[in-house]
Amino acid sequence: MKVKDAESKKFRVGVDIGGTFTDIVFLSQDGAVHRKKVSSTPGNYNHGIVTGITEVLEEQGMPGTNITEVVHGCTVATNAILEHTGARTGLLTTKGFRDVLEIRRFRMPEPYNMEWSKPLPLSPRELRREVDERINYAGEIIRPLDSEEVEDILKQLVKKGIDSLGICLLNSYVNPAHEQMIKRIANEKYPNLFVSISSELIPMIKEYERTSETVINAYIKPVVAKYMYALQETLTDLSVRAPLLIMQSSGGMMSINICAEKPIYIIECGPAAGVVGSRYIAKKLEIPNVI
């Protein structure tokens, strides 16, 4: 390709990080494709991405402004959970529901295995607190939330060194007022504290599932937010002004701002990206019977 042609072409870029390699694909509207495989850099995944994109830009003689979109699939959230490298996470819940993470659904995946034990909660019991409030099934406030009690509990948790806080109150999916109030207090008193509330993440019935997802989101939120914003900054240094979009576990895409707030939606984005990509290739090659 001539340098002049390369400088005028616009490309969408796909980036996928694996445990060993990072794959980068440039795709133009007329079907031109440039691929690059570089070694992944677990200590700083951004380094591998920048290296690959830089090499393609230099090889094709084009500036970063030729990139119109960057779509990224990764396992950053997944690895944080599996390797237990997430944030020190606290949990605030309704009085009487402190142990819902251990109680779960009373089900055992291996009922005849006497050596099986439940996985440890991502928020240990010492970092979980109850607030004396109650909203009924219809969303009516039975017991108002005490802001002074909330402030005292938050102070205790911060002293214990939490970096992130999950908030999941009974029936908040019907009326999120109390969760919103706690979030507002936390943001005002501790602006550097990451906060996740169930009514914004998964406003639905089933207390254990809602609590579990809220805690998971809080656990990985600092890790994912730091990674995403650092990646955007490095792309900007390459003169890439295109939006950075992150694959969701559902196969869709989301902005990094939403991703940083709700990273639970990208836990399986790596495998999802593979499925979406394989379907796209199968369609192009007219391969039948691909799910």
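Here's what I pulled together on the structure shown here.

The rules behind each value
- Residues numbered from 1 in each chain as written.
- Predicted model: local features only at pLDDT ≥ 70, side-chain atom pairs only at ≥ 80, totals over all residues.
- Heavy atoms only, no water.
- Helix = DSSP H or I, 4+ residues; strand = E, 2+ residues; numbered from the N terminus.
- Buried < 20%, exposed > 50% of the residue type's maximum accessible area, 1.4 Å probe, protein only.
- Contact = heavy atoms within 4.5 Å.
- Areas by Shrake-Rupley, 256 points an atom, 1.4 Å probe, with all protein chains shown as cover.
- Lys, Arg positive; Asp, Glu negative; His and termini not counted.
- Charge placed at Lys NZ, Arg CZ, Asp CG, Glu CD.
- Patch = residues over 30% accessible without salt bridge, like charges linked within 9 Å, V, L, I, M, F, W, Y side chains within 5 Å.
- Salt bridge = Lys/Arg side-chain N within 4 Å of Asp/Glu carboxyl O.
- Core = buried A, V, L, I, M, F, W, Y, C linked by side-chain atoms within 4.5 Å.
- Axes fitted to C-alpha atoms, helices over the stretch in contact; angles between N-to-C directions.
- Parallel < 35°, antiparallel > 145°, perpendicular 65-115°, else oblique.
- Left-handed = near helix turned anticlockwise from the far one by under 90°.
- Nonpolar A, V, L, I, M, F, W, Y, C, P; charged D, E, K, R; others polar.

Comments concerning the overall build of the protein
Piece 1. Counting its regular elements, the protein contains 10 helices and 12 strands.
Piece 2. Looking at the protein as a whole, 45% of its 291 residues qualify as buried.
Piece 3. Of the contacts formed within the protein by residues at least 6 apart in sequence, a portion of 66% connects residues at least 24 apart.
Piece 4. Roughly 15,700 Å² of accessible area belongs to the protein as shown, and the carbon and sulfur atoms make up 54% of that amount.
Piece 5. Averaged over its 35 positive side-chain charges, the protein has a centre that lies 2 Å from the centre of its 36 negative ones.

Re a negative patch on the surface
Piece 1. Among the surface-exposed residues, Asp146, Glu148, Glu151, Asp152 and Glu188 lie close enough to one another that they form a single negatively charged patch.
Piece 2. With 3 residues, the top contributor of residues to the negative patch is helix α5 (residues 147-159).
Piece 3. Its place among the elements puts Glu148 in helix α5.

Here's the deal with the nonpolar core
Piece 1. One finds Phe26, Ile53, Ile67, Tyr227, Met228 and Ile266 to be the most contacted residues of the largest nonpolar core, which totals 51 residues.
Piece 2. The leading source of residues in this core is helix α8 (residues 207-237), at 10 residues.
Piece 3. With residues up to four places along the chain from it excluded, the contact list for Tyr227 reads Ile17, Tyr45, Asn46, Ile49, His72, Cys74 and Val76.
Piece 4. In this structure, Val150, Ile162, Leu169 and Val195 belong to the second largest nonpolar core, which totals 18 residues.

Things to note about the packing of helix α2 (residues 45-60) against α8
Piece 1. In the contact formed by α2 and α8, the axes pass within 10 Å of each other and the chain directions differ by 25°. Considering the angle they form, α2 stands roughly parallel to α8. Here α2 and α8 pass one another in a crossing that is right-handed. Mapping the contact onto sequence places Tyr45, Asn46, Ile49, Val50 and Ile53 in α2 and Tyr227, Ala230, Leu231, Thr234 and Leu235 in α8.
Piece 2. Broken down by class, the residue content of the contact of α2 with α8 amounts to 8 nonpolar, 2 polar and no charged.

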